[in-house]
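Spelled out, the chains give:
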Amino acid sequence: MKRVTIKDLSKYLLLSTSTISRALVNDKNIHPDTKKKVLDAAEKLGYKPNTAALNLKYGQSKSIGVVVPEMTTPFSSMLLRGIQNILYPLGYRVIITPSDETPSIERKNLLHLEEFNVDGIIINLCHESYNDDVYQQIMDRGTPLVFFDRIPGKSIDASKVMVNDNIKAALMVEHLISTGRKRIAHIMGPSTIRNANERAAGYQRILDKHGIFDPDLVIKSEGTTFEHGRIAAQQLLNNKIKFDSIFAFTDTLAIGAMNYLLEQRIKIPEQIAVASFSGTELATIVHPKLTSVEQPLVQMGEVAARLILEKINDSTAASKTVILDAELVYRASTQL
């Protein structure tokens, strides 16, 4: 069956196409009787509006791009839930593009979203500075960006939402020390990510305070997957580095390390305690359950969505940095 168009409604009602269009978007200058006549005819003939075309005509696509490093863990899905909680009721569509932790793919995704004429982009970047030039170019061309969780350097003037990684990492290390641990290894994320450096700094600050920091206990990982965590734990054991606990950059790194330790018949937490930072559902489905800094991921997504709406509604609005609280949740992986 042929799709009913605005031209078909125009012929049926003997009204101009511009009048039909304005009635369909609830233009205040259209007489209520005319609007009712158009809407009744649209329902009768089975007209379905081309939403994209109408929105573009009136200056918006009603689409928001979201760029995330990965879609394999609950981390991104929980953040997306928050974004959708705010945007879906307002009629926005969300276009999700994973970068696979690869800056060149992130760059292509950003430029593609701009080509799709999205009204704004919310991004969790995969490298602190690699794509600074394209962030700035896209904003200069009129598409606002909001950063969450992993954010760029101070040279980028944009709204951001995050947690205080340094302080929360420090508090988690204090927890490990309070349980009697003194040889605390840190599986650090890639140094190209701001969060990795902030959490490592919090870790070292507390160990320095207690006089027990040992650089040999810092294992720099090239990625954030389960396998990267497994390799880090294997490296600690193969190098015969004495350690009694692990603080990992993410849940995935921690769980990868736990799996390897358990395969080596090392008891958790009796011999090695393990803690992490992220707070996804993964922490509760492993055995023993994982102690973790739990970020308010859904709330983070909601705040990011509100910030992008502010920029869409007023391009001159001042950029904001919102710092959310995160909760330390102690579970069996650190408690005897």
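Residues numbered from 1 in each chain as written. Predicted model: local features only at pLDDT ≥ 70, side-chain atom pairs only at ≥ 80, totals over all residues. Heavy atoms only, no water.

A. Quick look at helix H8 (residues 165–178). Its 14 residues give H8 an end-to-end C-alpha distance of 20 Å, which sits within 8% of 20 Å, the value for a rise of 1.5 Å per residue. In terms of residue burial, H8 counts as a mostly covered element, since 10 of its 14 residues are buried. Listing the buried residues of H8 in full gives Asp165, Asn166, Lys168, Ala169, Ala170, Met172, Val173, His175, Leu176 and Ile177. Looking one or two residues beyond H8, the residue adopting positive phi is Gly180, at roughly 95°. (Helix = DSSP H or I, 4+ residues; strand = E, 2+ residues; numbered from the N terminus. Expected span 1.5 Å × (residues − 1). Buried < 20%, exposed > 50% of the residue type's maximum accessible area, 1.4 Å probe, protein only.)

B. Expanded view of the sheet that holds strand S10 (residues 291–294). Read from one edge to the other, the open sheet built from 6 strands follows the order S7-S6-S8-S9-S10-S12, with strand pairing classed as mixed. Two strands close off the open sheet at either side, each with one partner strand: strand S7 (218–220) and strand S12 (327–329). Across this sheet, the average inter-strand angle for adjacent strands is 15°, counted without regard to direction. Of the pairings in the sheet, the one linking strand S9 (residues 273–278) to S10 comprises 4 bridges and is parallel in character. Residue pairing across strands places Phe277 opposite Val293, the latter belonging to S10. Taken strand by strand, helix H9 (residues 194–210) contacts strand S6 (184–188), S7, strand S8 (245–248) and S9, and its axis lies near 165° from that of S6. (Pairing = 2+ DSSP bridges. Axes fitted to C-alpha atoms, helices over the stretch in contact; angles between N-to-C directions. Contact = heavy atoms within 4.5 Å.)

C. Summary view of the side chain of Thr224. Mapped onto the fold, Thr224 is located in the loop between S7 and helix H10 (226–238). We classify Thr224 as buried; its relative accessible area is 13%. Setting aside chain neighbours within four positions, we find Thr224 in contact with Glu101, Arg150, Pro190, Phe249, Thr250, Thr252 and Leu253.

D. Examining unusual backbone geometry more closely. In this structure, the amide linkage connecting Ile268 to the following residue, Pro269, adopts the cis form with an omega of 10°. Position of Pro269 relative to the elements: it lies in the loop between helix H11 (251–263) and S9. The step from His287 to Pro288 runs through a cis peptide bond, and the omega angle for that step is -5°. Position of Pro288 relative to the elements: it lies in the loop between S9 and S10.

E. Summary view of the nonpolar core. One finds Ile246, Phe247 and Leu261 to be the most contacted residues of the largest nonpolar core, which totals 74 residues. No other element matches helix H12 (residues 297–313), which puts 9 residues into this core. (Core = buried A, V, L, I, M, F, W, Y, C linked by side-chain atoms within 4.5 Å.)

F. Region of interest: the packing of aromatic side chains. The final tally for this structure, using the stated rule, is 2 aromatic pairs. Both rings, one in Tyr135 and one in Phe147, keep their centres 5.1 Å apart while their planes meet at 75°; by these two values the pair is edge-to-face. Remark: Phe147 occurs in strand S4 (residues 145–148) and Tyr135 occurs in helix H7 (residues 132–140); sequence separation between them is 12 residues. For the pair Tyr135 and Phe147, a shared accessibility class is recorded, and that class is buried. A centroid spacing of 6.3 Å and a plane angle of 75° characterise the contact between Tyr203 and Phe213, whose relative ring orientation is edge-to-face. Of this pair, Tyr203 sits in helix H9 while Phe213 is found in the loop between H9 and S7, placing the two residues 10 residues apart along the sequence. The lysine or arginine in question, Lys62, covers the ring of Tyr92, its NZ or CZ lying 4.0 Å from the ring centre. If you follow Arg199 out to its NZ or CZ, it ends over the ring of Phe277, 3.8 Å from the centre. (Phe/Tyr/Trp six-rings, centres within 6.5 Å; stacked < 30°, edge-to-face > 60°. Lys NZ or Arg CZ within 6 Å of the ring centre and 35° of its normal.)

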